[in-house]
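Structural features, examined
Chain by chain, the residues:
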Amino acid sequence: MPIDEDITGDEIDKEVRQELMSLPKTLAEDVAKNLMMVSRLLDEDPERAYGYAKIALRLASRVPSVREAAGFAAYSVQKYSEALAEFRAARRMTGLQHLWPVMADCERGMGRPEKALAMAGEPEVQKLDKAGQVEMRLVAAGARRDMGQAEAAVVTLQSPELASNSVQPWTARLRYAYADALLEVGREDEAREWFAKALEADQQGTTDASDRLAVLDGVEFVDALDEEADGEDAEGYEAEESAGSDPEGRERD
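Residues numbered from 1 in each chain as written. Predicted model: local features only at pLDDT ≥ 70, side-chain atom pairs only at ≥ 80, totals over all residues. Heavy atoms only, no water.

Time to look at helix 13 (residues 209-216). Each turn of an α-helix holds 3.6 residues, which means side chains three or four residues apart point in the same direction. Regarding helix 13, the residues found buried are Ala 209, Leu 213 and Ala 214. End-on view of helix 13: buried residues confined to an arc of 140°, all on one side of the axis. Where helix 13 is buried, its residues meet helix 11 (171-184) and helix 12 (188-201). Directly beyond the C-terminal end of helix 13, a positive phi value near 80° is found at Gly 218. (Buried < 20%, exposed > 50% of the residue type's maximum accessible area, 1.4 Å probe, protein only. Helix = DSSP H or I, 4+ residues; strand = E, 2+ residues; numbered from the N terminus. Arc of directions from axis to C-beta. Contact = heavy atoms within 4.5 Å.)

Set out below in structure tokens:
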């Protein structure tokens, strides 16, 4: 698969570059370039990102960062079993716990919310940083909803992090998830309040909180292109009328 011309491999994170130093120089450069392609494409074209991740994995399967990148690429195309295997491999290699929440979410993706919920109660969660603990809470709430426990999902998301006025990278997603859980149990007024709070914290536009608010407020969106097309159709019909033809082009009597 072709590598974008502006990618040299030097853009790779320092920690990843350190891991790649165990490889021959040319091989390390090839792996770095493929990893950069994964990073570039993961959000906009996950299928292609997955392809580059498979190449990197074939070249350097013993490098933890490669296994992790392959895991996220598989996760992005909903290959949850494959993603979980890669995350487990990366975790074994490093001994780090930061992948624990996404591993639990893979269990959800495989239709095993009970397993994801059990993982939320394991000691590994206490070793996560604050962002990781919030992510684990989001996964646990999602597992509750998968199991039809909507009220329990609401309770799961109630936390000091949710109550805090401080805006962190995870704040918008946490507030959004809480709003969505509230809406599912019929607490519409509270849901609207929390969608608004999510929007307030969403500096990067990572959620569709504004759209959800609009729906709750009864705002209807009209596609400008459709309106334009309708206008053109009306104009065409009027022109045919003035020419003495019916809409199918037949002459009137």
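Picking up where we left off.
Once that is clear, we can look at unusual backbone geometry. Notably, Gln 78 is not glycine yet its phi reads approximately 65°, a positive angle. Relative to the helices and strands, Gln 78 resides in the loop between helix 4 (64-76) and helix 5 (80-94).

In this section: the packing of helix 2 (residues 25-41) against helix 4. Contact pair helix 2 / helix 4: the axes reach a minimum separation of 11 Å and the direction vectors enclose 30°. With respect to helix 4, the element helix 2 is oriented roughly parallel. Two packed elements cross with a definite hand, and for helix 2 against helix 4 that hand is left-handed. Along the contact surface, helix 2 presents Val 31, Leu 35 and Val 38, while helix 4 presents Val 66, Ala 69 and Ala 73. Split by residue class, the contact of helix 2 with helix 4 holds six nonpolar, no polar and no charged. (Axes fitted to C-alpha atoms, helices over the stretch in contact; angles between N-to-C directions. Parallel < 35°, antiparallel > 145°, perpendicular 65-115°, else oblique. Left-handed = near helix turned anticlockwise from the far one by under 90°. Nonpolar A, V, L, I, M, F, W, Y, C, P; charged D, E, K, R; others polar.)

The next point concerns the packing of aromatic side chains. A full pass over the atoms with the stated rule returns four aromatic pairs. Taking the centre distance of 4.9 Å and the plane angle of 70° together, the rings of Phe 72 and Phe 87 count as edge-to-face. Highlighted residues: Phe 72 in helix 4 and Phe 87 in helix 5, separated in sequence by 15 residues. With relative accessibility at 30%, the residue Phe 72 sits in the partly exposed group. Taking the relative accessible area as the measure of exposure, Phe 87 reaches 0% and is therefore buried. Each ring, one from Tyr 75 and one from Tyr 80, has its centre 5.8 Å from the other, and the planes form 75°; the classification is edge-to-face. Its end group placed over the ring of Trp 194, Lys 197 keeps NZ or CZ at 4.1 Å from the ring centre. (Phe/Tyr/Trp six-rings, centres within 6.5 Å; stacked < 30°, edge-to-face > 60°. Lys NZ or Arg CZ within 6 Å of the ring centre and 35° of its normal.)

Here we come to the nonpolar core. Leu 20, Val 31, Leu 35 and Val 66 are the most contacted members of the largest nonpolar core, which totals 44 residues. Elements with a minimum of two residues in this core: helix 1 (14-20), helix 2, helix 3 (46-59), helix 4, helix 5, helix 6 (100-109), helix 7 (113-120) and helix 8 (130-146). The leading source of residues in this core is helix 2, at eight residues. Apart from the residues within four sequence positions on either side, Val 31 is in contact with Leu 20, Leu 23, Ala 56, Leu 59, Ala 60 and Val 66. Grouped together as the second largest cluster of nonpolar side chains are 21 residues, Ala 177, Ala 181, Trp 194 and Ala 198 included. (Core = buried A, V, L, I, M, F, W, Y, C linked by side-chain atoms within 4.5 Å.)

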